[in-house]
Amino acid sequence: MALSLDREAFSRRLRRLYASWQKGEDEFGGVDAIVVAVGVDEEIVYAKSTALQTWLFGYELTDTVMLFCEERALFLASRKKVEFLKQVATGKGGEGGANGLPAVTLLVREKNESNKANFEKLLEALRGSRAGRRLGVFAKDKFPGEFMRSWNEALSKESFEKVDVSAAVALAMAAKEEQELALMRKAAAITSELFTKFFKERVMEIVDADEKVRHSKLAEAVEKAIEEKKFLAGADPSAVEMCYPPIIQSGGNYNLKFSVVSDKSHMHFGAITCSMGIRYKSYCSNLVRTLMVDPSQDMQDHYGFLLTLQEVLLRELRHGARLCDVYGAVMDVVKKQRPELLGKITKNLGFAMGIEFREGSLVINSKNQQRLRKGMVFSVNVGLSELPNREAKRPEERSYALFLGDTVMVDEDGPAVVLTSVKKKVKNVGIFLKNEDEDEEEPDKDAAEDLLGRSSRAALLTERTRNELTAEEKRRAHQKELATQLNEDARRRLTEQRGEQQTQKARKSNVSYKSAALLPKEPHVREMKIYIDKKYESVIMPVFGIATPFHIATIKNISMSVEGDYTYLRINFFCPGSALGRNEGNIFPNPEATFVKEITYRASNLKPPGESTVPASNLQNAFRIIKEVQKRYKTREAEEKEKEGIVKQDSLVINLNRSNPKLKDLYIRPNIAQKRMQGALEAHVNGFRFTSVRGDKVDILYNNIKHAVFQPCDGEMIIVLHFHLKNAIMFGKKRHTDVQFYTEVGEITTDLGKHQHMHDRDDLYAEQMEREMRHKLKTAFKNFIEKVEALTKEELEFEVPFRELGFNGAPYRSTCLLQPTSSALVNCTEWPPFVVTLDEVELIHFERVQFHLKNFDLVIVYKDYARKVTMINAIPVASLDPIKEWLNSCDLKYTEGVQSLNWTKIMKTIVDDPEGFFEQGGWSFLEPEGEGSEAEPGESESELEDETFNPSEEDEEEEEDSDEDYSSEAEESEYSKDSLGSEEESGKDWDELEEEARKADREIQNKSS
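Report on the accompanying structure. Small disclaimer: the values here were computed from a predicted structure and weren't measured.

**Let's talk about the overall build of the chain**
(1) Moving on: From N to C terminus, the chain includes 26 helices and 40 strands.
(2) Moving on: Split into buried and exposed, the 1009 residues of the chain put 46% on the buried side.
(3) Moving on: Across the chain, contacts joining residues at least 24 apart in sequence account for 65% of those joining residues at least 6 apart.
(4) Moving on: Total accessible area on the chain stands at roughly 54100 Å², and carbon and sulfur atoms take up 49% of it.

Here is the structure:
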């Protein structure tokens, strides 16, 4: 297949080169022609000559001479290359100087001859270009080979003056076009994937297993990893290569340059610097990170300062700024905040990159006067070396270095855009170990270290763990520590909160009329008929011959019935004793007053002589209008209740820049209207805005987001961005603390009527299309997330659920997959969503954990004891151990028991008397071998069961009033299910019954004797 050449890009870039030459300053403007000769040399990776060829043609052309004269460009190459170059020569031969483009002349290189005729034509063109004396060349580029030697000889015989134009041509190529930026973004994305998914994971494995691995071997492994597609972010492996061999350094031996190679020393578990860069379709990227194993506070502080310097650097890298000024701004921060580090910071702070990895003329240092332009791409690198480690115990630990670098793009206004979106906060690059085993052996540790060395010690510990400590024992030891800490923290917290009385709101007193004068003067009122005043939302009824107003809020319900010749209208009122839920006495302003419970009116269905209507028509009209007014009042009350407690949000600051991160064709949950609508989610300065196709707007501010969760479409039918908010927001006339944006990936419904073969072509094509769609959506969402995180300087971080740690459970009606993230337990694919913040959890209790049961329940108790506990039902027993392991790793206390508990009563007891609760052992009563409180659960066991499995009417009504639509049904089903299980569980086996019978017999014998 013939190679294609992008003619438009060639014309555009050649015009740019000539424009830069014609208005060139300094030496560049004074040259008469530019000569570029490229030979064959496999060892030369980066050269200005080959970079210019790639920029113009998209390929490197070996053994080719290119001449750029005033009015024409001449290319001397082999026959095949000339065929390729004809794509740009066609139609250009007679256009000398048209549109700023020179005419293109192609010359075929002769293989067997010395090319004298061709060289003469080239030299003649050079002499005829402008003054024909000064030639612009790339002084550093020297290619070997017979052809290059003969051309250089022919050129040196002429009396041309050679001028190095490398820097000027580099500047012309430095500002990247959108097409080039797309390739650099892709290169940066591959670098990020390779670092995150391979290098970081491998280092964590090495540290975890205490392996001995040489830097050079690990660097080789990184190079081999680019052969695997899973690390290439969907790129073609043939277009991917390393910019340079990865540089991995640790153990006190650091050189913060990109010209060094990884040595053969073993990796030391301290500060591990890694530099790597991917070249994709000839365009480079670069990434530098430092992984810190158990960093000291001093190391963390230095790293935090390094992050600050990089932020300043990115802020200063903007269109029009001078490179020396950017360098100066960073150095000013060092002088003001940490002057002692001036001698330890890297000599330059980065360089421009593109087709060439490092552009020497565009380095960020104190002397470079070049100005930045929009579209330039830089590798920014800030490092601190020879930092002393005060806690060092070995020679290799005495000093360390920190190195941080990213690939960034200069923007027109605003800070530089980071293309390598690898997280770099301390929590993302720090590897924190828990050396429990070493702590136990503290006295012997140093001696063992000196005598055995690290590898022997690791082997001994591994052996000891294998033989003596099982995972369950380790967990128990850790849980014991957590239990003590939990009770202490809870006691302190409750003591501090004591005295904060929770006042319950009294029911709003609704007064129909403030004075009798305001009563309407309607004929119905005078005639002692029922009249409904819509303005004051009151019903005026005759009571003992007096027109008496009742506000619509006092009416509980009304009913109408026809019996024989009469119509009856029955009106029931709210009063103490009617089912209003718990603590009903508090909701009436004056509960000691006399209340009317119900009133019934009767009217005849027979029309009296001379009357146009039957008397019952008034009751029928009253019934209809009361219902209308009641409905309107309840709707308004519901809206006001929704608005209660809503925290006023700041206004969204709109960014008018068109390059805002944006995702289109998304659905929002919950729906804005009854029918779901598509829309676009756009990130602005301080928040997101979702705009539906109908024009509805929903704003979510970054500072109101508690958890931002990205649920990929792996194994799911939808791909989701979920926001769990700190404070509820209002839209669709309701308050919401969970908002999500999603799009469907495949067909959620399947046509079972299709009887087609499984290998049907259409089905295979549809599957392929769905796979491509999944990949495309995943990439689009990831790009959006990376841009948002860069825009917010990682203040907003998206969490991705760990699917491998997920387990099935039913928090609401149906079973769903619950997955942990770094700070929460979530399910975002089902509705309603389930989000529990781990920092708010006090402890986890497993209920109904017994051998003969297939499922168990999980109860989440929150640090805020006034908050209702969360229950997750029907979790498979197979998930118990993995859940325990996960909770233990999160430092969360868990307990387990065989029966279900009445958590409402337990929490009320604790809140009423926290001191008494903790004096009796606190949460230790949940432990199977709990001390001091064994009697308490035993005594109340049957009572707890009875109350747990027979919820009162009040409980049910309270559930109906709760925020969650499904909670009451879920709890009812849960109670009924548990009660079935509890009867079986409470039965005793035959052995126990026989033992009891023997004891009873012995007691009878003792008494009789």
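That was the structure; now back to the text.
**Considering the pairing of strand S15 (residues 377-388)**
Each regular strand displays side chains that alternate between the two surfaces of the sheet.
(1) Moving on: Counting buried positions along S15 gives 9 out of 12 residues, so the element sits mostly inside the fold.
(2) Moving on: Two strands pair when backbone bridges link them, and strand S13 (residues 350-352) and S15 are joined in this way by 3 bridges, in the antiparallel orientation. Bridging across to S15, Phe351 finds its partner in Ser379.
(3) Moving on: With 10 bridges joining them, S15 and strand S16 (residues 399-409) adopt antiparallel strand pairing.

**Side note on the pairing of strand S6 (residues 161-164)**
(1) Moving on: Inspection of the sheet shows strand S5 (residues 134-137) paired to S6 by 4 bridges, in the parallel sense. Counted as the bridge partner of Arg134 is Glu161 from S6.
(2) Moving on: Handedness of the crossover is the feature at issue here: the chain leaves S5, passes through helix H6 (residues 146-156), returns alongside S6, and the resulting connection is right-handed.

**Observations regarding the nonpolar core**
(1) Moving on: Among the nonpolar cores identified, the biggest contains 155 residues, and Leu52 and Phe68 are the most heavily contacted of them.
(2) Moving on: Considering every element that reaches this core, the biggest residue donor is helix H8 (residues 178-209), with 12 residues.
(3) Moving on: When near neighbours in sequence (up to four residues on either side) are disregarded, Leu52 contacts Leu17, Val36, Met66, Phe68, Phe138, Val169 and Met173.
(4) Moving on: By size, the runner-up hydrophobic cluster in this structure holds 32 residues, among which are Ile668, Leu681, Ile785 and Phe798.

**So, a positive patch on the surface**
(1) Moving on: Side chains of Lys212, Arg214, Lys217, Lys224 and Lys264 sit close together on the surface and give a patch of like positive charge.
(2) Moving on: Looking at the secondary structure, you find Lys217 in helix H9 (residues 215-225).

**Focus on the packing of H8 against H9**
(1) Moving on: Running from N to C, H8 and H9 cross one another at 145°; their axes reach a closest spacing of 11 Å. Crossing geometry of H8 relative to H9 is assigned as right-handed. Along its contact with H8, which presents Leu194, Phe198, Phe199, Arg202, Val203 and Ile206, the element H9 presents Leu218, Ala221, Val222 and Ala225.
(2) Moving on: Each residue belonging to the contact of H8 with H9 can be placed in one class, and the counts come to 9 nonpolar, no polar and 1 charged.

**Here's the deal with the packing of aromatic side chains**
(1) Moving on: With the rule as written, the count across this model stands at 35 aromatic pairs.
(2) Moving on: Look at Phe258 and Phe357: their rings are 5.9 Å apart centre to centre, the planes differ by 80°, and that puts the pair in the edge-to-face class. Here Phe357 lies in the loop between S13 and strand S14 (359-363) and Phe258 lies in the loop between strand S8 (247-249) and strand S9 (271-276), a separation of 99 residues in the sequence. Assigned by exposure class, Phe258 and Phe357 land together as buried.
(3) Moving on: When the ring of Phe846 is compared with that of Tyr894, the centres are 5.8 Å apart and the planes differ by 50°; the resulting orientation is tilted. Pair noted here: Phe846 is in strand S37 (residues 841-847) and Tyr894 is in strand S40 (residues 893-896), with a separation of 48 residues, a long-range link.
(4) Moving on: The exposure class assigned to Phe846 is buried, which follows from its relative accessible area of 0%.
(5) Moving on: Grouped by ring-pair contacts, the aromatic residues Phe688, Phe690, Tyr702, Phe723, Phe741, Phe784 and Phe798 constitute a single cluster.
(6) Moving on: Of note, Arg493 hangs over the ring of Tyr865, and the distance from its end group to the ring centre comes to 5.8 Å.
(7) Moving on: Taking NZ or CZ as reference, Arg602 lies 4.0 Å from the ring centre of Tyr566, over its face.

**Considering unusual backbone geometry**
(1) Moving on: Put simply, Arg669 and Pro670 share a cis peptide bond, and its omega is -5°.
(2) Moving on: Take Pro670: it is sitting in the loop between strand S25 (662-669) and strand S26 (678-683).
(3) Moving on: Trp831 connects to Pro832 through a cis peptide bond whose omega is 5°.
(4) Moving on: Relative to the helices and strands, Pro832 resides in the loop between strand S35 (824-827) and strand S36 (834-837).
(5) Moving on: In this structure, Lys281 takes a positive phi of about 50° despite not being glycine.
(6) Moving on: Mapped onto the elements, Lys281 comes out in the loop between strand S10 (278-280) and strand S11 (283-284).
(7) Moving on: Relative accessible area serves as the criterion here: at 45%, Lys281 is assigned to the partly exposed category.
(8) Moving on: For Asp294, which is not glycine, the phi dihedral falls at a positive 45°.
(9) Moving on: Within the secondary structure, Asp294 is located in the loop between strand S12 (287-293) and helix H10 (297-316).

**Focus: the environment of Asn621**
(1) Moving on: Looking at where Asn621 falls in the secondary structure, it is placed in helix H17 (residues 616-643).
(2) Moving on: When its relative accessible area of 37% is taken as the criterion, Asn621 is described as partly exposed.
(3) Moving on: In the structure, Asn621 is positioned 90 residues away from Tyr531 in sequence and 9.4 Å away in space, judged by C-alpha atoms.

**As for the pattern of salt bridges**
(1) Moving on: Evaluated as defined, the whole model comprises 48 salt bridges.
(2) Moving on: Put simply, Glu177 and Arg12 hold a salt bridge, and the shortest N to O gap is 2.9 Å. Taken together, the residues Glu177 in the loop between helix H7 (166-174) and H8 and Arg12 in helix H1 (residues 7-22) connect sequence positions 165 residues apart.
(3) Moving on: For Glu177, a relative accessible area of 13% puts it in the buried group.
(4) Moving on: Given the relative accessible area of 35%, Arg12 is considered partly exposed.
(5) Moving on: In this structure, Glu995 and Arg998 form a salt bridge, with 3.1 Å as the shortest nitrogen-oxygen distance. In this pair, Glu995 and Arg998 both sit in helix H26 (residues 990-1008), 3 residues apart, roughly one turn of the helix.
(6) Moving on: A residue is classified by how much of its surface remains accessible, and Glu995, at 34% relative accessible area, is partly exposed.
(7) Moving on: Taking the relative accessible area as the measure of exposure, Arg998 reaches 43% and is therefore partly exposed.
(8) Moving on: It is possible to trace a salt-bridge network through shared partners that takes in Lys423, Lys425, Lys427, Glu789 and Glu797.

**Notes on the sheet that holds strand S22 (residues 555-563)**
Either a parallel or an antiparallel arrangement is found when strands of a sheet pair, and the pairing is made through backbone hydrogen bonds.
(1) Moving on: Read from one edge of the open sheet, 3 strands run S22-S23-S24, paired in antiparallel fashion. Since the sheet does not close on itself, it has two edges, and those belong to S22 and strand S24 (598-604), each with one partner. Between one strand axis and the next, the sheet turns through 15° on average, direction left out of account.
(2) Moving on: With 8 bridges joining them, S22 and strand S23 (residues 566-573) adopt antiparallel strand pairing. Along S23, the bridge assignment pairs Val562 with Thr567.

**Digging into the packing of H1 against H7**
(1) Moving on: Between H1 and H7, the shortest axis-to-axis distance is 10 Å and the interhelical angle comes to 130°. In terms of orientation, H1 lies oblique with respect to H7. For the crossing formed where H1 meets H7, the hand is right-handed. Two secondary-structure elements touch here, H1 through Arg16, Leu17 and Ser20 and H7 through Val169, Ala172, Met173 and Ala174.
(2) Moving on: Taken together, the residues of the contact of H1 with H7 break down into 5 nonpolar, 1 polar and 1 charged.

**Concerning the sheet that holds strand S2 (residues 64-68)**
(1) Moving on: An order of S4-S3-S2-S1-S5-S6 is seen for the 6 strands of this open sheet, with the pairing classed as mixed. Looking at the sheet topology across the chains shown, the edges are occupied by strand S4 (103-108) and S6. Each adjacent strand pair in this sheet contributes to an overall mean axis angle of 25°, direction not counted.
(2) Moving on: For strand S1 (residues 33-38) and S2, the ladder comprises 5 bridges, and the chain directions are antiparallel. Along S2, the bridge assignment pairs Val36 with Met66.
(3) Moving on: Running over the sheet, helix H5 (residues 116-128) touches S1, S2, strand S3 (72-77), S4 and S5 and is turned about 160° from S3.

The rules behind these values
- Residues numbered from 1 in each chain as written.
- Predicted model: local features only at pLDDT ≥ 70, side-chain atom pairs only at ≥ 80, totals over all residues.
- Heavy atoms only, no water.
- Helix = DSSP H or I, 4+ residues; strand = E, 2+ residues; numbered from the N terminus.
- Buried < 20%, exposed > 50% of the residue type's maximum accessible area, 1.4 Å probe, protein only.
- Contact = heavy atoms within 4.5 Å.
- Areas by Shrake-Rupley, 256 points an atom, 1.4 Å probe, with all protein chains shown as cover.
- Pairing = 2+ DSSP bridges.
- Right-handed = clockwise from strand over helix to strand, strands pointing away.
- Core = buried A, V, L, I, M, F, W, Y, C linked by side-chain atoms within 4.5 Å.
- Patch = residues over 30% accessible without salt bridge, like charges linked within 9 Å, V, L, I, M, F, W, Y side chains within 5 Å.
- Salt bridge = Lys/Arg side-chain N within 4 Å of Asp/Glu carboxyl O.
- Lys, Arg positive; Asp, Glu negative; His and termini not counted.
- Charge placed at Lys NZ, Arg CZ, Asp CG, Glu CD.
- Axes fitted to C-alpha atoms, helices over the stretch in contact; angles between N-to-C directions.
- Left-handed = near helix turned anticlockwise from the far one by under 90°.
- Nonpolar A, V, L, I, M, F, W, Y, C, P; charged D, E, K, R; others polar.
- Phe/Tyr/Trp six-rings, centres within 6.5 Å; stacked < 30°, edge-to-face > 60°.
- Lys NZ or Arg CZ within 6 Å of the ring centre and 35° of its normal.
- Parallel < 35°, antiparallel > 145°, perpendicular 65-115°, else oblique.

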